[in-house]
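Chain and residue survey
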Amino acid sequence: MDTATQTAASLKGGEWLIKESQPEETFIPEDFNEEQHMVKDMCASFLDTEVLPIIQRIDSMEPGLMPSLVVKAGEQGLLGTAVPESLGGLGKDFITSTLVNEGLGGGFSFSVAIAAHTGIGTLPILYFGTDAQKEKYVTKLATGEWKGSYGLTEPGSGSDALGAKTTATLSSDGKFYLLNGQKCWITNGGFADVYTVFAKVDGDKFTAFIVERGFEGFTQGPEEHKMGIKGSSTVQLYFQDCKVPVENVLGEIGRGHIIAFNILNVGRLKLCAATLGGAKRAITTTVEYALTREQFKEPIAHFGAIQHKLAEMAIKAWVSESALYRTAEWIDAKERSMIEAGKPFNESTLGAAEEYAIECAILKVLGSEMLDYVVDEGVQIHGGNGYSDEYIISKAYRDSRINRIYEGTNEINRLLIVDMVLKRAMKGRLDLMGPAMGVQKELMSIPDFGSGDDSDPFASEKKLIANFKKAILMTAGAAVQKLMMKLDKEQEILMNIADMAIHTFTAESALLRVIKLESSKADAANQWEKDVLKVYLSEAADQIFIAGKEAINSFAEGDEQRMMQLGIKRFTKADPFNTKDARRRIVSRLYEDKKYPL
Ligand SMILES: Cc1cc2nc3c(=O)[nH]c(=O)nc-3n(C[C@H](O)[C@H](O)[C@H](O)COP(=O)(O)OP(=O)(O)OC[C@H]3O[C@@H](n4cnc5c(N)ncnc54)[C@H](O)[C@@H]3O)c2cc1C
């Protein structure tokens, strides 16, 4: 696809909810170019040769080891894919830098260190720094000469990040800001050279500062003892009249929230990429184990209960991957179109990520919950050995858990998904009103039980996805009408609606990938993907039904409740499908390949 087509193809953020996406306009992982495949291979080989053989040493926090690995990754160009060449990076597209996060995602604590360094450690300065700040810091961060970190969270303010208490006061000579306060849970904090730190100027002006390790008044606490990612440095930072030169204010005074929130959009998508890399490796480890571990005189891989689990693990990873790269390409295309329109690099990259903030939040929840599912079942398939430190899956299990907590907890991200959709609708950025009224009208009419165009082999799947969207519009539309301003106090309903949206976006991404593959490969070659799609659609229909039913029962009564319950049933009615047999077919491919197949 050329640039123009890609740009034209991009839907606005959240627009998939009301518009049909086209498969030929959807980027799928099978579209990776030669260079992107090379980058993927390079990351895999870096993990296999440099990281995984010394994973125990990393976890024991051997002094100097993690920073030296960051430097090695820098030597191979793995830190600078998102950084322009003029600042010492490789200036690659967004999909390629996402691939690096995926490729290094199976490296446990190392992945966390790298993701923090290249993401929250580098991007605030890259996107919001002055030319001098970028020249001074980003050039060193892109090579790994300096390591980056990010201090937003405080003991009293986590999810409510703007409630920070750290203060910044201009010195009497006007040359410094004096920072006073404390930050906690700071990744890479123990060895970083440069930190983006948030503090309030004049009481309420939330502002970002670039703080160097050597600045007077800056100290750090001891390493935290954590449940997992034990090799990842996590410390508290203390600022006692810490002298930060005025030229180290990042962005504008009082505009720190713009930096904090914008950086998170990219971080959420990249977190999904890292969870995908971790999941693929955990699946491979578990497949290998299931094939070799024998009970009752046969490999446990033969048992249907195990096959069900492994198939589910692969399905969840594959559909997450479909949603991830669909979104990554949207961001890429938007960024390119903004640059072509003459917008500066940082404005374009941030604008593109902001446009797809809804999808980034969806991906964060999707990826982190997918990986937790994968490693949990991975432990189960390993039985007692899964509970032993001798087996890597136990480590994967412990290390996965953090993903649901940082980059905005999954509760906060779920709230954000619905909040952003509704705000965009109110601002006229997203026309939800018309389609929502259309669904209400449809509810009153005689149902159409046909599956659509008979000549289209995917007619019934397309209709199902369209119906999922109607289910969301019906539920969310009625909740807004009924509860108005009180809706934000009804978080249970918002969680239900967010779950419906997550399943719908994922299901549609998987369907588009299968249809696009169908046009490029012989039918039989796609049987595995079709099975994955059909099982997921069947599960998504059930999950959307449950979430919709619960939401409706929370706010509707009487005839309205009955009518909407009939509607939700109708909109989530999937064709009967033998999911058990499909899962067995899916898993047989994993067994043949002895790994996650793609
Ligand atoms: C290992 C690790 C590394 C980290 N790295 C960094 C880092 O590098 N830099 C940094 O700045 N921070 C970092 N963090 C901090 C992380 O971002 C926060 O822990 C996270 O944002 C949650 O904040 P909190 O821990 O204060 O939990 P809280 O905000 O107290 O949340 C507790 C619970 O309440 C829920 N909750 C909170 N508010 C709401 C609401 N309005 N509605 C519904 N539910 C709500 C949350 O979802 C959660 O379940 C890290 C944390 C850990 C554990």
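The structure reproduced in this document is the subject of the present report. (Residues numbered from 1 in each chain as written. Predicted model: local features only at pLDDT ≥ 70, side-chain atom pairs only at ≥ 80, totals over all residues. Heavy atoms only, no water.)

1. Some points on the site of the ligand
Basically, it comes down to this: For this purpose, a residue is taken to be near a molecule or strand whenever a single non-hydrogen atom of the residue falls within 4 Å of it. Distance and chemistry together define a polar contact, namely a pair of N or O atoms within 3.5 Å, with one atom able to donate a hydrogen and the other to accept it when in protein, and with adjacent residues in sequence counting only for side-chain atoms on both sides. Only the protein chains shown count as covering a residue, and every accessible area follows the Shrake-Rupley method with a 1.4 Å probe. A helix here means a DSSP run of H or I that spans at least four residues, while a strand means a run of E at least two residues long, and both kinds are numbered starting from the N terminus. Residue polarity follows a fixed list, in which Ala, Val, Leu, Ile, Met, Phe, Trp, Tyr, Cys and Pro are nonpolar, Asp, Glu, Lys and Arg are charged, and the others, Gly among them, are polar. For the domain bounds, the source is a domain assignment made automatically or taken from a database.
Taken together, 20 residues lie around the ligand, and Thr153, Ser159, Trp185, Thr409 and Glu411 are the ones closest in. Thr409 is positioned with one of its side-chain polar atoms (N or O) 2.7 Å from an oxygen atom of the ligand. For the ligand, the protein covers 67% of the area, taking 970 Å² as the surface of the free molecule. Where the shell around the ligand is concerned, the elements lending two or more residues are strand S1 (148-151), strand S3 (176-187) and helix H14 (410-426). Of the residues belonging to the shell around the ligand, the class tally is eleven nonpolar, seven polar and two charged. Residue-level mapping places the shell around the ligand at the junction of two domains, with at least three residues from each of domain 2 (149-254) and domain 3 (257-411).

2. Observations regarding the nonpolar core
Cut-off, in case you're wondering: Side-chain atoms within 4.5 Å link the members of a nonpolar core, which is a set of buried Ala, Val, Leu, Ile, Met, Phe, Trp, Tyr and Cys residues. Burial classification: accessible surface area is computed with a 1.4 Å probe over protein chains only, and a residue below 20% of its type maximum counts as buried, one above 50% as exposed, and the rest as partly exposed. Any pair of residues with heavy atoms lying within 4.5 Å of one another is described as a contacting pair.
Ranked by size, the top nonpolar core spans 167 residues in total, and within it Leu104, Phe110, Leu310, Trp318, Tyr325, Phe468 and Leu590 carry the most contacts. With sequence-adjacent residues up to four places away left out, Leu104 is seen in contact with Cys43, Phe46, Leu47, Leu78, Phe110, Ser111 and Ile114.

3. Description of helix H12 (residues 357-382)
Quick note on the threshold: Multiplying 1.5 Å by the residue count of a helix minus one yields the expected span of that helix.
With 26 residues, H12 extends 37 Å between its outermost C-alpha atoms, agreeing within 8% with the 38 Å of an ideal straight helix rising 1.5 Å per residue. Burial analysis of H12 places 22 of its 26 residues in the buried class, the great majority of the element. Positive backbone phi, approximately 55 degrees, marks Gly383, located one or two places after H12.

4. As for the pairing of strand S4 (residues 194-201)
Filter applied, for reference: Each pair of strands is called paired provided DSSP finds at least two bridges between the two strands.
In terms of burial, S4 is a largely internal element, eight of the eight residues being buried. On S4, burial covers both faces: Val194, Thr196, Phe198 and Lys200 on one face and Tyr195, Val197, Ala199 and Val201 on the other are all buried. Both S1 and S4 contribute to a ladder of four bridges, which runs parallel. Its bridge partner being in S4, Gly151 is matched across the sheet by Val197. Relative to S4, strand S2 (residues 167-170) runs parallel, the two sharing two bridges. Paired with Thr167 across the two strands is Lys200, which belongs to S4. Between the end of S4 and the start of strand S5 (residues 205-212), which pair antiparallel, lie three residues, with Asp202 showing a positive phi angle near 50 degrees.

5. Quick notes on the packing of aromatic side chains
In this description, an aromatic ring pair is defined by two values, namely the gap between the centres and the angle between the planes. Rule in force here: Pairs were defined over the aromatic rings of Phe, Tyr and Trp, the Trp ring being its six-membered one, requiring ring centres within 6.5 Å. Orientation was assigned from the angle between planes: stacked under 30 degrees, edge-to-face over 60, tilted for the rest. Only when the NZ of Lys or the CZ of Arg is both within 6 Å of the ring centre and within 35 degrees of the ring normal is a charge said to sit over the ring.
Enumeration according to the criterion identifies 15 aromatic pairs in this entry. Pairing Tyr127 with Phe345 gives two aromatic rings, centres 6.3 Å apart and planes at 50 degrees, and the pair type is tilted. Taken as a pair, Tyr127 in helix H7 (residues 123-128) and Phe345 in helix H11 (residues 345-355) lie far apart in primary sequence, 218 residues in all. Judged by relative accessible area, which is 4%, Tyr127 ranks as buried. Residue classification places Phe345 among the partly exposed residues on the basis of a relative accessible area of 28%. Feature note: the residues Trp16, Trp330, Tyr356 and Phe505 constitute an aromatic cluster, connected by ring pairs. Geometry around Phe176 places Lys243 over its ring, the cationic atom sitting 4.6 Å from the centre. The ring of Trp528 has Arg589 lying over it, and the distance from NZ or CZ to the ring centre is 5.4 Å.

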